[in-house]
Amino acid sequence: MFRLFLEAWGYIVLTAENGTEGLEIFRKEKPAIVITDIKMPGIDGLAVLQRILDIDPRALVIVITGHGDTDLTQRALESNAVAFIHKPIKKEALDAALKKARERLELTPHTDNR
């Protein structure tokens, strides 16, 4: 469902079943904006966030959680996540996070803005 919303809004969407697969896709495709969940099989979202930024410090990562943990929110933001969204995801929160990412993207453009 999430993918359908993003595609309807004009985004090219790449999906992964877990953090390891997501990192492989990131290395290959180099998307400018990444949305990751905190809780995933294998590598968690905070580790994915850090590894993505190690690969490309210009990458913009939005972190999603269903666990209203303020410590996780703080750790994600301290790790340079562009935004943090709580589940269930509300359209307004997703819009705000994507707008923030697009604004940052305009300030630090990538060669391929997927």
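As a starting point, this report considers the structure included with it. In this text the structure is predicted, and so the values were computed from the model without any measurement.

What counts and how
- Residues numbered from 1 in each chain as written.
- Predicted model: local features only at pLDDT ≥ 70, side-chain atom pairs only at ≥ 80, totals over all residues.
- Heavy atoms only, no water.
- Helix = DSSP H or I, 4+ residues; strand = E, 2+ residues; numbered from the N terminus.
- Buried < 20%, exposed > 50% of the residue type's maximum accessible area, 1.4 Å probe, protein only.
- Pairing = 2+ DSSP bridges.
- Right-handed = clockwise from strand over helix to strand, strands pointing away.
- Axes fitted to C-alpha atoms, helices over the stretch in contact; angles between N-to-C directions.
- Contact = heavy atoms within 4.5 Å.

1. Digging into unusual backbone geometry
Consideration 1: Lysine 87 connects to proline 88 through a cis peptide bond whose omega is -5 degrees.
Consideration 2: Its place among the elements puts proline 88 in the loop between strand E3 (83–86) and helix H5 (91–107).
Consideration 3: Phi at lysine 30 takes a positive value of approximately 55 degrees, unusual for a residue other than glycine.
Consideration 4: Despite not being glycine, asparagine 80 shows a phi value in the positive range, around 75 degrees.

2. Observations concerning the environment of alanine 93
Consideration 1: Mapping alanine 93 onto the fold places it in helix H5.
Consideration 2: Sequence separation between alanine 93 and alanine 83 is 10 residues, and the spatial gap between their C-alpha atoms is 9.4 Å.

3. Focus: the pairing of strand E2 (residues 60–65)
One face of the sheet, then the other: side chains in a regular strand alternate in exactly this way.
Consideration 1: Most of E2 is tucked away, with six of its six residues classed as buried.
Consideration 2: Burial of the side chains of E2 extends over both faces: Leu60, Ile62 and Ile64 are buried on one face and Val61, Val63 and Thr65 on the other.
Consideration 3: Here five bridges tie strand E1 (residues 33–37) to E2, and the two strands are oriented parallel to one another. Looking across to E2, one finds that isoleucine 35 is bridged to isoleucine 62.
Consideration 4: The parallel pair E1 and E2, bridged by helix H3 (residues 45–55), forms a crossover whose chirality is right-handed.

4. Considerations on the sheet that holds E1
Consideration 1: The three strands lie next to each other as E1-E2-E3, forming an open sheet whose pairing is parallel. Strand pairing shows two members of the sheet lacking a second neighbour, E1 and E3, which therefore form its edges. This sheet shows a mean twist of 20 degrees between the axes of neighbouring strands, independent of strand direction.
Consideration 2: Here four bridges tie E2 to E3, and the two strands are oriented parallel to one another. Bridge pairing in E3 places isoleucine 64 opposite isoleucine 85.
Consideration 3: Relative to E2, H5 is tilted by about 165 degrees, and along the sheet it contacts E1, E2 and E3.

This is a description of form; function is not addressed.
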